[in-house]
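Chain residues, written in single-letter form:
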Amino acid sequence: MARKSSNVDRPNRERAVKNLSAEGKRKKANRKMFVAIAVVMSVFLIIMGIQIFQKFSTLNKLKSQEAQLKNEYKKELQLSKELKEKKKFVQTDEYVEDMARKLGLLYPDEVILQPEK
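Residues numbered from 1 in each chain as written. Predicted model: local features only at pLDDT ≥ 70, side-chain atom pairs only at ≥ 80, totals over all residues. Heavy atoms only, no water.

**A few points about the overall build of the protein chain**
Then step 1. Tallying secondary structure elements over the protein chain gives two helices and zero strands in all.
Then step 2. Only carbon and sulfur atoms are counted for the fraction: they give 61% of the accessible area of the protein chain, which is about 12,000 Å². (Helix = DSSP H or I, 4+ residues; strand = E, 2+ residues; numbered from the N terminus. Areas by Shrake-Rupley, 256 points an atom, 1.4 Å probe, with all protein chains shown as cover.)

**Considering the packing of aromatic side chains**
Then step 1. Under the defined criterion, the tally for this structure stands at one aromatic pair.
Then step 2. Between Phe89 and Tyr95, the aromatic rings sit 5.4 Å apart at their centres with planes inclined by 65°, giving edge-to-face as the arrangement. (Phe/Tyr/Trp six-rings, centres within 6.5 Å; stacked < 30°, edge-to-face > 60°.)

**Re the pattern of salt bridges**
Pairing of side chains with opposite charge becomes possible as their charged atoms draw close.
Then step 1. Taken as a whole, this structure holds two salt bridges when the rule is applied.
Then step 2. Its salt-bridge partner being Glu66, residue Lys70 comes within 3.9 Å of it at the nearest N-O pair. Taken together, the positions of Lys70 and Glu66, both in helix 1 (residues 9–90) and four residues apart, correspond to about one turn of that helix.
Then step 3. As a salt-bridge pair, Lys102 and Asp98 come within 3.9 Å of each other at their nearest N and O atoms. You can see Lys102 and its partner Asp98 sitting in helix 2 (residues 93–102), four residues apart, about one turn around the helix. (Salt bridge = Lys/Arg side-chain N within 4 Å of Asp/Glu carboxyl O.)

Here you go:
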């Protein structure tokens, strides 16, 4: 036989329904909070990933620039060495004589002989 509900059971049933609806609301709130946290974390991770990528890109550019500057430095060192050697040569009597001859200068007792045409 089916039991008829009495007025005494009614408050218990209403409390049970309220408890179930409150529990459902808590679950929904927890679910929303979890989704919100997941979205915030995802956005944070995406931003951090972009920042890391940019930093690595900058690092690679700086490394290539460093290599280029090292090559330029080596070339400048070589040029400096060559210029020092040339400076030493320019200060020799041999160079001075050579330049004087190109300018047509002679020693005081020197005579230029030119072949007849």
